[in-house]
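These are the residues of each chain, in order.
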Amino acid sequence: MITISLCMIVKNEEDVLARCLECIHDIADEIIIVDTGSEDSTKEIAKCYTEHIYDFPWIDDFAAARNFSFSKATMEYCMWLDADDILLEPDRINLLQLKQSLTPVPDVVMMKYNTSFDENGEPTFSYYRERLIRNHAGYQWEGAIHEAITPSGVVLHSEIAVTHRKTHPSDPDRNLRIFEKLLTNGIVLEPRQQFYYARELYYHERYEDAIHVLEHFLDEGKGWIENQIDACLHLSYCYKKEKKPEQALQALFRSFAFDIPRAEICCEIGHSFFYEEKYSLAAFWYERALRCKRNDKSGGFVSPDCYDYIPCMQLCVCHDRLGNATLAEIYNEQAGKCKPSSPAYLSNKEYFDRQHTKRK
């Protein structure tokens, strides 16, 4: 059986910290809490679960804080969670089984990170993160924002998922503020940080600035493939906001230079043609999305609905408008198999039932 140090950095997390620690305290052999300046009862709550509580002055650098937390760990593996993360019961059980059966061979264990959900709680956005990292093996967090450890050595992908469940919004300007402080201080952003800086600009509706950074990031060609593909997607979003549909479409097609098509890209191309009422073209790209093979282990951001539910729903509408009622209903039923309680599926089903009644 391996041993695990849970390493967390926290600040003003009194509403979620106990929830997080309750689901992991009996699995972790050691809990390290690094507080970066809480003004609420965060540290008092942490004391109910561990004696290993440390203060670390916040210096606008997540990697520095995480590296400090890892430096206090004494077990074989370090595991990180954010305070608003939880392990659902099936994932708790699977993590305990992994802990009991994993020989100390893997250097890094990747786990799914589910961060967005539909009305039934099913993940609509997920990606793999490095979650268990061998201690004292030279691994270091890098990046002031969206910090990461580059997986290397023996890497194991697990189906265990960490679920990100916020109870209140975080500071929406924090990440952008840190990036722009770095730039003001003359720091040159490495490719991964450029990518995330551009996303922050997009979230803040600074579309022209985001386009400039994304184009530079793509032109340099030094980014990780999955980030380059996602950059094309966000570049398209920006051009759409700037009411430049041709450039938006070109940005999507640009992603094919990096790897085989992703369903997320195909759905967005389909949406572009659907918006222009070019339903045959839209249907072509939604059908292409259905043929894309989902690969969560690529490390990229995955929107599961783009691989089945969304293209089926859109194909239903496309074929209905093209006068292909039978095919439209078939695709609606396929969408219903993905999400039986979907309001859109149920509404379409009622529509087709009425059509059948009229024909009788």
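Everything here concerns the structure above.
Quantities reported herein were computed from a predicted structural model and do not represent experimental measurements. (Residues numbered from 1 in each chain as written. Predicted model: local features only at pLDDT ≥ 70, side-chain atom pairs only at ≥ 80, totals over all residues. Heavy atoms only, no water.)

Q: Describe the overall build of the chain, and please don't skip the residues or the numbers.
A: When helices and strands are counted, the chain shows 14 helices and eight strands. For a compact globule of 360 residues, the expected C-alpha radius of gyration is about 21 Å, and the chain comes in at 23 Å, within 12% of that figure. Projected onto its principal axes, the C-alpha coordinates of the chain cover approximately 75 × 50 × 40 Å. Taken across its 360 residues, the chain has 50% of its residues classed as buried. For the chain, the accessible area works out to roughly 17,500 Å², and carbon and sulfur atoms hold 52% of it. One way to put it: in the chain the 41 positive side-chain charges average out to a point 5 Å from where the 58 negative ones average out. (Helix = DSSP H or I, 4+ residues; strand = E, 2+ residues; numbered from the N terminus. Rg over C-alpha atoms; globule rule 2.2 N^0.38 Å. Buried < 20%, exposed > 50% of the residue type's maximum accessible area, 1.4 Å probe, protein only. Areas by Shrake-Rupley, 256 points an atom, 1.4 Å probe, with all protein chains shown as cover. Lys, Arg positive; Asp, Glu negative; His and termini not counted. Charge placed at Lys NZ, Arg CZ, Asp CG, Glu CD.)

Q: Give a detailed account of the packing of helix α11 (residues 279-291) against helix α12 (residues 309-321), specifying residues and quantitative values.
A: Working note: a packed helix pair is described by the angle between its axes plus the distance between those axes. Contact geometry of α11 with α12 gives a least axis separation of 9 Å together with a crossing angle of 155 degrees. It follows from the interaxial angle that α11 and α12 lie roughly antiparallel. Judged by the twist between their axes, the crossing of α11 over α12 is left-handed. Residues Tyr 279, Ala 282, Ala 283, Tyr 286, Glu 287, Ala 289 and Leu 290 of α11 touch α12, and the partners they reach there are Pro 311, Cys 312, Gln 314, Leu 315, Cys 318, His 319 and Arg 321. Counted by class, the contact of α11 with α12 contains 10 nonpolar, two polar and two charged residues. (Axes fitted to C-alpha atoms, helices over the stretch in contact; angles between N-to-C directions. Parallel < 35°, antiparallel > 145°, perpendicular 65-115°, else oblique. Left-handed = near helix turned anticlockwise from the far one by under 90°. Contact = heavy atoms within 4.5 Å. Nonpolar A, V, L, I, M, F, W, Y, C, P; charged D, E, K, R; others polar.)

Q: I'd like a rundown of helix α9 (residues 245-254), residues and numbers included.
A: What α9 keeps buried is the set Ala 248, Leu 249, Ala 251 and Leu 252. Each buried residue of α9 lies within a common arc of 155 degrees when the element is viewed along its axis, so the set occupies one face. More than 90 degrees from the buried face of α9, the exposed residues found are Glu 246 and Gln 250. Buried residues belonging to α9 abut α8 (225-241) and α10 (263-275). (Arc of directions from axis to C-beta.)

Q: Could you give an account of the side chain of Asn 67, with specific residues and numbers?
A: Following the sequence through the fold, Asn 67 ends up in helix α3 (residues 62-71). Under the relative-accessibility criterion, Asn 67 is labelled buried at 17%. Within the structure, Asn 67 has its side chain in polar contact with the side chain of Gln 140 (distance 3.3 Å). In this structure, Asn 67 is in contact with Gln 140 and Trp 141, ignoring residues within four places of it in sequence. (Polar contact = N/O pair within 3.5 Å; in protein donor to acceptor, adjacent residues only side chain to side chain.)

Q: Which residues make up the nonpolar core, and what values go with them?
A: Within the largest apolar cluster, 80 residues are counted, with the highest numbers of intra-cluster contacts made by Leu 6, Met 8, Ile 24, Leu 95 and Leu 132. Here this core gets seven residues from one element, more than from any other, and that element is helix α7 (residues 207-220). Those residues in contact with Leu 95, other than ones at most four positions away along the chain, are Ile 24, Ile 27, Met 79, Leu 87, Met 111 and Ile 160. Counting residues in each nonpolar core, the second largest holds 32 residues, with Ala 263, Cys 266, Cys 267 and Cys 306 among its members. (Core = buried A, V, L, I, M, F, W, Y, C linked by side-chain atoms within 4.5 Å.)

Q: Can you explain the sheet that holds strand β7 (residues 123-134)? Please cite residues and give values.
A: With mixed pairing, eight strands are arranged side by side in an open sheet as β3-β2-β1-β4-β7-β6-β8-β5. The sheet terminates laterally at β3 (53-55) and β5 (85-86), the two strands that pair on one side only. Bridge count between strand β6 (residues 108-117) and β7: nine bridges; the pairing is antiparallel. Within β7, the position partnered with Phe 117 by the bridge is Pro 123. Against the sheet, α3 contacts β1 (4-10), β2 (30-35), β3, β4 (77-80) and β7, and its axis sits at roughly 145 degrees relative to β1. (Pairing = 2+ DSSP bridges.)

Q: Account for the environment of Val 154, with residues named and values stated.
A: Along the chain, Val 154 falls in the loop between β7 and β8 (155-164). As a C-alpha pair, Val 154 and Ala 144 span 10 residues in sequence and 26 Å in three-dimensional space. Those residues in contact with Val 154 that lie beyond four places of it in its chain are Val 105, Pro 106, Asp 107 and Val 108.

Q: Which residues make up the pairing of β2, and what are the values?
A: For β2, a buried count of six out of six residues is recorded, marking the element as mostly surrounded by other parts of the structure. Neither face of β2 is left uncovered, since the one carrying Glu 30, Ile 32 and Val 34 and the one carrying Ile 31, Ile 33 and Asp 35 both have all their residues buried. Direction of pairing for β1 relative to β2: parallel, over a ladder of six bridges. Note that in β2 the partner of Ile 9 across the bridge is Val 34. Looking at chain direction, β2 and β3 are connected through three bridges and run parallel. Across the sheet, Val 34 pairs through a bridge with Tyr 54, a residue of β3.

Q: Summarise the packing of helix α5 (residues 174-184) against helix α6 (residues 191-203); cite the residues concerned and give the values.
A: The geometry of α5 relative to α6 is characterised by a closest axis approach of 9 Å and an angle of 130 degrees between their N-to-C directions. For the element pair α5 / α6, the angle class is oblique. Relative to α6, α5 is oriented so that their crossing is left-handed. Residue-level contacts link Asn 175, Leu 176, Phe 179, Glu 180 and Leu 183 of α5 to Gln 193, Tyr 196, Tyr 197, Glu 200 and Leu 201 of α6.

Q: Please give an account of α6 that cites residues and values.
A: Across its 13 residues, α6 extends 19 Å between first and last C-alpha, which sits within 8% of the 18 Å expected from 1.5 Å per residue. Counted residue by residue, α6 has 11 buried out of 13 residues, so it is predominantly covered. By the burial criterion, the buried members of α6 are Pro 191, Gln 193, Gln 194, Phe 195, Tyr 196, Tyr 197, Ala 198, Arg 199, Glu 200, Leu 201 and Tyr 202. Summarising the contacts, the buried residues of α6 are in contact with α5, α7 and α8. Measuring from the backbone nitrogen of Arg 192 back to the side-chain oxygen at the start of α6 gives 2.9 Å, which picks out Glu 190 as the cap. (Expected span 1.5 Å × (residues − 1).)

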